[in-house]
Amino acid sequence: MRDYSEQAQRIKSNLSDNIWNDSTPYWPGGGKPKYMQTDFETYSETDISNCGSYRYIDDDTFEPLLLA
């Protein structure tokens, strides 16, 4: 009986490398992403431009709404 585990690992490794190298309509040029962007949406009755972030977050009405 032959052991295919080494061969399977090699194929699996090659497939995962190809996923990052292939170009797609959504990721032209391929390659691993170099950075990540995040966007936080929050709500508070306190105006952040008048009081700053610490008071804005410390307000009782503050709530995080979305992380994208």
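This one's a predicted model, so the numbers in the text were calculated from it and none came from an experiment.

Concerning the overall build of the chain
- Summing up its helical and strand segments, the chain has 3 helices and 2 strands in all.
- Mapped from its N terminus to its C terminus, the chain presents α and β elements in the order α-β-α-α-β.
- Residues counted as buried form 6% of the 68 residues belonging to the chain.
- A separation of at least 24 residues holds for 24% of the contacts in the chain among residues at least 6 apart in sequence.
- Summed over all atoms, the accessible surface of the chain reaches about 6700 Å², with 54% contributed by carbon and sulfur.

A short note on the side chain of T46
- With respect to the secondary-structure elements, T46 resides in the loop between β1 (40–43) and α2 (48–51).
- Residue class for T46 comes out buried when judged on its relative accessible area of 17%.
- Not counting residues up to four positions away in its chain, the partners in contact with T46 are C51, Y56 and D59.

A look at the environment of S44
- As for its placement among the helices and strands, S44 is situated in the loop between β1 and α2.
- Overall, S44 belongs to the buried group, its relative accessible area being 11%.
- For S44, the side chain forms a polar contact with the main-chain nitrogen of T46, separated by 3.3 Å.
- At 3.4 Å, the side chain of S44 and the backbone oxygen of Y56 are in polar contact.

Thoughts on the confidence of the model for the chain
- Within the chain, residue pLDDT values average 79, and 65% of them lie at 70 or more.
- Model confidence for the chain, summarised as mean pLDDT per element, is weakest for helix α1 (residues 5–21) at 65 and strongest for strand β2 (residues 63–67) at 93.

Brief notes about the pairing of β2
- In terms of burial, β2 is largely open, as just 0 of its 5 residues are buried.
- For β1 and β2, the ladder comprises 4 bridges, and the chain directions are antiparallel. Within β2, the position partnered with F40 by the bridge is L67.

Considering a nonpolar patch on the surface
- Nonpolar side chains collect at one region of the surface, where Y43, L65 and L66 lie side by side and expose about 300 Å² of accessible area between them.
- Relative to the helices and strands, Y43 resides in strand β1.

Section: the environment of L66
- Along the polypeptide, L66 turns up in strand β2.
- Classification of L66 as partly exposed rests on a relative accessible area of 48%.
- Placed 23 residues apart in sequence, L66 and Y43 show a C-alpha to C-alpha distance of 9.9 Å.
- Those residues in contact with L66, other than ones at most four positions away along the chain, are D39, F40 and E41.

Rules behind the numbers
Residues numbered from 1 in each chain as written. Predicted model: local features only at pLDDT ≥ 70, side-chain atom pairs only at ≥ 80, totals over all residues. Heavy atoms only, no water. Helix = DSSP H or I, 4+ residues; strand = E, 2+ residues; numbered from the N terminus. Buried < 20%, exposed > 50% of the residue type's maximum accessible area, 1.4 Å probe, protein only. Contact = heavy atoms within 4.5 Å. Areas by Shrake-Rupley, 256 points an atom, 1.4 Å probe, with all protein chains shown as cover. Polar contact = N/O pair within 3.5 Å; in protein donor to acceptor, adjacent residues only side chain to side chain. pLDDT = per-residue confidence, 0-100. Pairing = 2+ DSSP bridges. Patch = residues over 30% accessible without salt bridge, like charges linked within 9 Å, V, L, I, M, F, W, Y side chains within 5 Å. Salt bridge = Lys/Arg side-chain N within 4 Å of Asp/Glu carboxyl O.

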